[in-house]
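A look at the structure
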Amino acid sequence: MAEYPSVESPLDPESGGSEAGRLMPLPVRYAWGLLWLQGLIWGGLALLMVIGAVVAVIDILANVNAVVALALAVFAGALTVGFATGEIVLARALARGSKGARKTAIGVEIAMTSLGAMWAAGSNFSGGLVAGAGGLAAAAGAGLSLAAVVCLLHRSTRQYSAVHGNQGGIDAGLSRPPAGPSSASCGSLPAAWGTASQLA
């Protein structure tokens, strides 16, 4: 049976420091953190796209033909904002124990891993700084997504989602493994946790 460390988890956005929001298994924390990290990265890229769009507008006002650049910046900005929002929404839902969020996140992260791997494989690392940096970024992104998939497939994550998904989420005041020595051996877990371990 998986062990649940009795530590205060700063990565549970719904905990508020309360006993009800106290523990998340380590794989859930790692997946949560990776989803947030990717969301912030996409958010940073979206900010760069906004800056590019502003520069293009300035060029257009200065009678420079930058309509295509503006269109590309707006399209890329909308895409990256969507990716950032999706990653963060999934991270928050995962922390609440949503079964659907875990399954959706697995699908999204597998797609991101595949996209990053194909982008990196097709990059010409000898084609200059921009091409090489793009390929390295794609490879790093694929690695982050693959790590998130591994965490999401972990037995502890499946147990966590099974229990909290069945009971309505952390916000509904469901019981969690108690803090203290008994939690390390899982000797006094609620009955639902025993059921979840059989599902894993």
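Refer to the structure presented above.
Residues numbered from 1 in each chain as written. Predicted model: local features only at pLDDT ≥ 70, side-chain atom pairs only at ≥ 80, totals over all residues. Heavy atoms only, no water.

A few words now on the overall build of the chain. When helices and strands are counted, the chain shows 7 helices and 0 strands. Burial statistics for the chain: of 200 residues in total, 36% are counted as buried. Expressed as a percentage of contacts within the chain between residues at least 6 apart in sequence, the contacts between residues at least 24 apart total 67%. Looking at the chain as shown, the accessible area adds up to about 10200 Å², and 71% of this sits on carbon and sulfur atoms. (Helix = DSSP H or I, 4+ residues; strand = E, 2+ residues; numbered from the N terminus. Buried < 20%, exposed > 50% of the residue type's maximum accessible area, 1.4 Å probe, protein only. Contact = heavy atoms within 4.5 Å. Areas by Shrake-Rupley, 256 points an atom, 1.4 Å probe, with all protein chains shown as cover.)

The subject of this paragraph is the nonpolar core. Grouped together as the largest cluster of nonpolar side chains are 18 residues, with contacts concentrated most on Leu 35, Leu 94 and Leu 152. Those elements that provide at least two residues to this core are helix H1 (26-61), helix H2 (67-95), helix H3 (99-121) and helix H4 (129-152). Once residues lying within four places of it in the same chain are set aside, the contact partners of Leu 94 are Val 28, Ala 31, Trp 32, Leu 35, Ala 101, Arg 102, Leu 152 and Tyr 160. (Core = buried A, V, L, I, M, F, W, Y, C linked by side-chain atoms within 4.5 Å.)

A complete count under the given rule lists 2 aromatic pairs for this structure. Centroid distance Trp 42 to Phe 83: 4.7 Å. Interplanar angle 55 degrees. Geometry classified as tilted. Pair noted here: Trp 42 is in helix H1 and Phe 83 is in helix H2, with a separation of 41 residues, a long-range link. For Trp 42, a relative accessible area of 19% gives the class buried. (Phe/Tyr/Trp six-rings, centres within 6.5 Å; stacked < 30°, edge-to-face > 60°.)

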